[in-house]
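Geometric and topological summary
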Amino acid sequence: MKDAIIKALREKISRQRWEHWFSDFSVKKIDGNHVVFEVGNIFVKDHLEKEFGKVISKVVREILGKNSTFEIVYAEVNTSHQNSFKDEGALIRKRPLLLTPLNNKYTFENMVVGDFNRFAYNVFLEASKKPGFYNPIFLYSDVGLGKTHLAQALANYVLETDPDMKVAYLTSEEFMNEMITAIKAGNTEEFREKYRKKADILIIDDIQFLIGKPGAQIELFHTFNAVHEAGKQIIICSDRPPQELKDFHSRMVSRFQMGIVVKIEKPSKDALIKIARKIMEVKGGEINDEILLYVVDIFDSPRLLQGAILKLIAYKNLFGELNMEIARSLLPSVSSKNTDNDKLLEIVSEMFDCNKEDILSKKRLKNISFARKIGMYYAHKYLGMSTREIGRLFNKTHSSVVQNIRQIEESLKQGNLAIKSYLKRLNKSIKGFAEGGTL
Ligand SMILES: Nc1ncnc2c1ncn2[C@@H]1O[C@H](COP(=O)(O)OP(=O)(O)OP(=O)(O)O)[C@@H](O)[C@H]1O
């Protein structure tokens, strides 16, 4: 029976996701029509419940009957010496366990180093070899200059050299949401244990999101202290220096400053050219030097540069050619960013018969929420905006942006012609892709 459950589950999950998330997943026992699954740690348990709960439940009901239930438990790793012999098998892992998903393209090798980021880069490189040496590391810069890339490069490096390390990377918004869910479900102990006791390296991105959220700040403060006291590495990323995190308690700000504070500056033109070349190398695609210099003249942050380059490469792949004239016609929609952002809100509100304030509000009327979704999808795919920037533009949380974009993607996959036509109209109005677009 155990094998049948695993086999049926395997058939419903892609190989890649299976290898990623189910490497130490097993059926611990079956009590009547209740199945107990076991995984290696609480992070994987959480992720499986969230992402695969429905499919696991379906399989269990298919095999054991309609009213069957399941739970996932995680194995406690006993680190005491007396028991180390017994637990040896469980402690040796051939492959790192990804506690929270990381982008494997965010490596030190894929990062261009220049005067603008050399100090930060070296601090992170050194810390990845000696976690806890600089503790905490507080990294800040303007948006899109490589903070997430650098923090995850450290995480990827550490996991590659020591697969048994447990690295948790999450935004402060995710931290807060998880905290709220845990409070509602009465699981606060589990939540606290997850980050305070289990993580060897804790990376909290976008700390500024907690401005104005005192409850989450306090929880993070205690987590910070517990992790720090245990000598585990903490990394905080922010869009401003610690002292400018207004309304954060001064004891917290001073904790952030007690290790090392590093900043990434704006890259120079030369550095941007190198970054553009690196992006093409990593993403696999090429644009000629003339166009590349034109792009670098317009965009001064790696994130915007990346959005523009990907758009040009996508065009070239679709239509087989790309010249300067086409590049010019494609890019204004991204370059005159602020105007376009305003225009985007204006056009979608007009298209869906509402006003800009409705879109930025919490109203859930059908036309308004549809306008939001289409606008967010467009901003992501055509204006090269990150989901966080979109959140700021539409006055919505990061997770609701991600969810809305996913819903549109899903509908497009299922061939929803109405959405295609809205996007096409939007595209024409905003002067995106050359006449006719790619939709
Ligand atoms: N020095 C660099 N070399 C190569 N690519 C870079 C460099 N800096 C940034 N990038 C790329 O630019 C994009 C944006 O970087 P990233 O998301 O790390 O910025 P960020 O500072 O975390 O942004 P935010 O403030 O929005 O959180 C990423 O795809 C990243 O790989």
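Rules behind the numbers
- Residues numbered from 1 in each chain as written.
- Predicted model: local features only at pLDDT ≥ 70, side-chain atom pairs only at ≥ 80, totals over all residues.
- Heavy atoms only, no water.
- Helix = DSSP H or I, 4+ residues; strand = E, 2+ residues; numbered from the N terminus.
- Buried < 20%, exposed > 50% of the residue type's maximum accessible area, 1.4 Å probe, protein only.
- Contact = heavy atoms within 4.5 Å.
- Axes fitted to C-alpha atoms, helices over the stretch in contact; angles between N-to-C directions.
- Parallel < 35°, antiparallel > 145°, perpendicular 65-115°, else oblique.
- Left-handed = near helix turned anticlockwise from the far one by under 90°.
- Nonpolar A, V, L, I, M, F, W, Y, C, P; charged D, E, K, R; others polar.
- Polar contact = N/O pair within 3.5 Å; in protein donor to acceptor, adjacent residues only side chain to side chain.
- Near = heavy atom within 4 Å.
- Areas by Shrake-Rupley, 256 points an atom, 1.4 Å probe, with all protein chains shown as cover.
- Domains from an automatic or database assignment.
- Pairing = 2+ DSSP bridges.
- Salt bridge = Lys/Arg side-chain N within 4 Å of Asp/Glu carboxyl O.

Within the secondary structure, Ile 291 sits in helix α12 (residues 289–298). Looking at Ile 291, the relative accessible area reads 0%, which means it is buried. Put simply, Ile 291 and Leu 312 are 21 residues apart on the chain and 9.4 Å apart in space, counted from C-alpha to C-alpha. Beyond its immediate chain neighbours, meaning those up to four positions away, Ile 291 contacts Leu 312, Leu 322, Asn 323, Met 324 and Ala 327.

So, on to the packing of helix α5 (residues 118–129) against helix α6 (residues 147–161). Packing of α5 against α6 brings their axes to within 9 Å, and their N-to-C directions diverge by 25 degrees. Relative to α6, the element α5 lies roughly parallel. For the pair α5 and α6, the sense of crossing is right-handed. On α6, the residues that touch Ala 120, Tyr 121, Phe 124, Ala 127, Ser 128 and Lys 129 of α5 are Leu 150, Ala 151, Leu 154, Tyr 157 and Val 158. Considering only residue class, the contact of α5 with α6 consists of nine nonpolar, one polar and one charged.

Moving on: the side chain of Lys 194. By secondary structure assignment, the location of Lys 194 is in helix α8 (residues 188–196). In this structure the side chain of Lys 194 is engaged in a polar contact, spanning 3.5 Å, whose partner is the side chain of Tyr 195.

The environment of the ligand is formed by 19 residues, the closest being Lys 147, Thr 148, His 149, Arg 303 and Arg 388. For the ligand, an oxygen atom lies 3.0 Å from a polar atom in the backbone of Gly 144. Gln 306 is positioned with one of its side-chain polar atoms (N or O) 3.0 Å from an oxygen atom of the ligand. In the complex, 96% of the free accessible area of the ligand, which totals 640 Å², lies under the protein chains. Broken down by secondary-structure element, the contributors of at least two residues to the shell around the ligand are α6 and α13 (302–319). Tallied by class, residues from the shell around the ligand come to eight nonpolar, seven polar and four charged. The two domains that each donate at least three residues to the shell around the ligand are domain 2 (118–263) and domain 3 (269–333).

So, on to the sheet that holds strand β7 (residues 233–238). Pairing in this open sheet of five strands is parallel, and the strands run β5-β6-β7-β4-β8 from one edge to the other. The sheet is open, and its two borders are formed by β5 (167–171) and β8 (260–263), each paired with just one other strand. Averaged over neighbouring strand pairs, the angle between their axes works out to 15 degrees when direction is ignored. In this structure, strand β4 (residues 137–140) lies alongside β7, joined through four bridges in parallel fashion. Note that in β7 the partner of Ile 137 across the bridge is Ile 235.

On to the packing of helix α11 (residues 269–283) against α13. α13 packs onto α11 with a crossing angle of 50 degrees between their chain directions and a minimal axis gap of 10 Å. Classified by the interaxial angle, the pair formed by α11 and α13 is oblique. Handedness of the crossing formed by α11 with α13: right-handed. Seen from α11, the contacting residues are Leu 272, Ile 275, Ala 276, Ile 279, Met 280 and Lys 283; seen from α13, they are Pro 302, Leu 305, Gln 306, Ile 309, Leu 310 and Ile 313. Classifying every residue of the contact of α11 with α13 by side-chain character gives ten nonpolar, one polar and one charged.

A few words now on the pairing of strand β2 (residues 34–39). The sheet contact formed by strand β1 (residues 26–31) and β2 spans five bridges and is antiparallel. Along β2, the bridge assignment pairs Ile 30 with Val 35. The loop that links β1 with its antiparallel partner β2 comprises two residues; one of these, Gly 32, has a positive phi angle of about 60 degrees.

Structurally, Leu 170 can be placed in strand β5. The buried category is assigned to Leu 170, whose relative accessible area is 2%.

By the definition in use, this model includes 25 salt bridges. With its nearest N and O atoms 4.0 Å apart, the salt bridge here joins Glu 189 to Arg 192. Highlighted residues: Glu 189 and Arg 192, both in helix α8, separated by three residues, approximately one helical turn. Residue Glu 189 is classed as exposed on the basis of its relative accessible area, which comes to 56%. Residue class for Arg 192 comes out partly exposed when judged on its relative accessible area of 28%. Two residues, Arg 192 and Glu 219, come together in a salt bridge whose shortest N-O distance is 3.0 Å.

Everything listed here is a matter of geometry and, on its own, says nothing about what the molecule does.
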